[in-house]
Amino acid sequence: MLKLLRNSVLALLAVVPLLAFAAPSAHDVIQQTTDKLLSDLQTNKETYRSNPDAFYNSLNEILGPVVDAEGISRSIMTVRYSRQASPEQMARFQENFKRSLMQFYGNALLEYNNQGIKVLPATDNDPERTSVGMEVRDSRGTVYPVSYTMVNINGSWRVRNVIINGINIGKLFRDQFAQSMQANGNNLDKVIDSWANTVARAKNSLEAQKAQAGS
């Protein structure tokens, strides 16, 4: 009996370190990243207003590790175009995508004044793919639902897509990419190099849809 008890205690002690260093859940990743982002903004907002490069570097440092830039980039290109891209083109598009994503959200973040962001409780325990919900309150008190599609990559949860107030950002970018390819005669380099302008159009489209929804 004493031997059994001793072995049980040893087994428990062996498991405790594993529990202590368990990888964050998808919900934890969104909560921790949101907390870190808002804390950084509160401290450095005025600096970022006058120094966009510092703002980009900070956003990239905070968001970069939790965004599946490669997966999103390939999703935006779709198989039709990504299989034509060279490794150099894919790397360049991923970098342009990350910069444009920061710009896409940057201005909105700088205007955020602690109106209210709530990460919703986890709803499922799928080990490979799940969604994490969030509610964002604007200055007028309107609440916008946000849903992050998360994928498990080598034991770490990464953001693969975002749906804001029912608008699928991944699909919006895919449509914009396809339209840009058509407009540029399927010249992939031109589309990659002009991606910031493409995202600006997507942002305008999103804001127009939000305005229509609020009217």
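Shown above is the structure to which this text applies.
Residues numbered from 1 in each chain as written. Predicted model: local features only at pLDDT ≥ 70, side-chain atom pairs only at ≥ 80, totals over all residues. Heavy atoms only, no water.

Just checking my understanding: could you explain the pattern of salt bridges for this structure?
Side chains that differ in sign of charge can pair as their charged atoms come close. One pass over the structure, following the stated rule, counts 9 salt bridges. Taking the shortest distance from any N to any O, the salt bridge between E70 and R74 comes out at 3.7 Å. Within this pair, E70 and its partner R74 are both found in helix 4 (residues 69–82), separated by 4 residues, close to a single helical turn. Its salt-bridge partner being R92, residue D193 comes within 2.6 Å of it at the nearest N-O pair. Highlighted residues: D193 in helix 7 (residues 188–193) and R92 in helix 5 (residues 87–110), separated in sequence by 101 residues. Judged by relative accessible area, D193 falls into the exposed class, the value being 54%. When its relative accessible area of 22% is taken as the criterion, R92 is described as partly exposed. Overlapping salt bridges, with partners in common, bring together E88, R92, D189 and D193 in one network. (Salt bridge = Lys/Arg side-chain N within 4 Å of Asp/Glu carboxyl O. Helix = DSSP H or I, 4+ residues; strand = E, 2+ residues; numbered from the N terminus. Buried < 20%, exposed > 50% of the residue type's maximum accessible area, 1.4 Å probe, protein only.)

What exactly am I supposed to notice about the nonpolar core here?
Nonpolar side chains in soluble globular proteins tend to end up buried together. Among the nonpolar cores identified, the biggest contains 47 residues, and M77, M150, F173 and F177 are the most heavily contacted of them. Ranked by residues supplied to this core, first place goes to helix 5 with 8 residues. Beyond its immediate stretch of four places on either side in the chain, F177 contacts I76, M77, Y81, F93, L188, V191, W195 and T198. (Core = buried A, V, L, I, M, F, W, Y, C linked by side-chain atoms within 4.5 Å. Contact = heavy atoms within 4.5 Å.)

Explain the environment of D175 to me, please; I cannot follow it from the model alone.
Residue position: D175 is located in helix 6 (residues 169–183). Judged by relative accessible area, which is 33%, D175 ranks as partly exposed. In this structure the C-alpha to C-alpha distance between D175 and A202, which are 27 residues apart in sequence, comes to 9.1 Å.

What am I meant to see in the environment of S131 here?
Examined against the element boundaries, S131 turns out to sit in strand 2 (residues 129–137). Using a relative accessible area of 35% as the deciding quantity, one classes S131 as partly exposed. Measuring from C-alpha to C-alpha, the distance between S131 and Y148 comes to 5.4 Å, with 17 residues separating the pair along the chain. Apart from residues lying up to four places away in sequence, S131 is in contact with T123, D124, S147, Y148 and T149.

Looking at this structure, I do not really get the pairing of strand 3 (residues 143–153). What am I missing?
Along any regular strand the residues' side chains alternate between the sheet's two faces. Across 9 bridges, the pairing between strand 2 and strand 3 is antiparallel. What sits directly across from G133, in strand 3, is S147. Counted along the chain from strand 2 to the antiparallel partner strand 3, the turn is 5 residues long, and its residue G141 has a positive phi close to 90 degrees. In the sheet, strand 3 pairs with strand 4 (residues 156–164) via 8 bridges, with the strands oriented antiparallel. Looking across to strand 4, one finds that Y148 is bridged to V162. (Pairing = 2+ DSSP bridges.)

Please clarify how helix 5 should be interpreted in this entry.
Owing to its 3.6 residues per turn, the α-helix aligns residues three or four sequence positions apart on the same side. With 24 residues, helix 5 extends 34 Å between its outermost C-alpha atoms, agreeing within 8% with the 34 Å of an ideal straight helix rising 1.5 Å per residue. The sharpest bend along helix 5 reaches about 30 degrees and sits at F104. Looking only at helix 5, the buried set comprises Q89, M90, F93, Q94, F97, S100, L101, M102, F104, G106, L109 and L110. (Expected span 1.5 Å × (residues − 1). Bend = angle between axes of the 7 residues up to and from the residue.)

What is the right way to read the packing of aromatic side chains from this model?
To describe a pair of aromatic rings, you give the distance between the ring centres and the angle between the ring planes. Evaluated as defined, the whole model comprises 7 aromatic pairs. Taking the centre distance of 6.4 Å and the plane angle of 85 degrees together, the rings of F97 and F173 count as edge-to-face. Of this pair, F97 sits in helix 5 while F173 sits in helix 6, and the two are 76 residues apart along the sequence. Under the relative-accessibility criterion, F97 is labelled buried at 1%. Look at F173 and you get buried, because its relative accessible area is 2%. A centroid spacing of 5.9 Å and a plane angle of 80 degrees characterise the contact between F173 and W195, whose relative ring orientation is edge-to-face. Here the residue F173 occupies a position in helix 6, and W195 occupies one in helix 8 (residues 195–214), the gap between them amounting to 22 residues. Of the two residues, F173 and W195, both sit in the buried class. Counting every residue linked through ring pairs, the aromatic cluster contains Y81, F93, F97, F173, F177 and W195. (Phe/Tyr/Trp six-rings, centres within 6.5 Å; stacked < 30°, edge-to-face > 60°.)

By themselves, these observations are geometric and do not establish any function.
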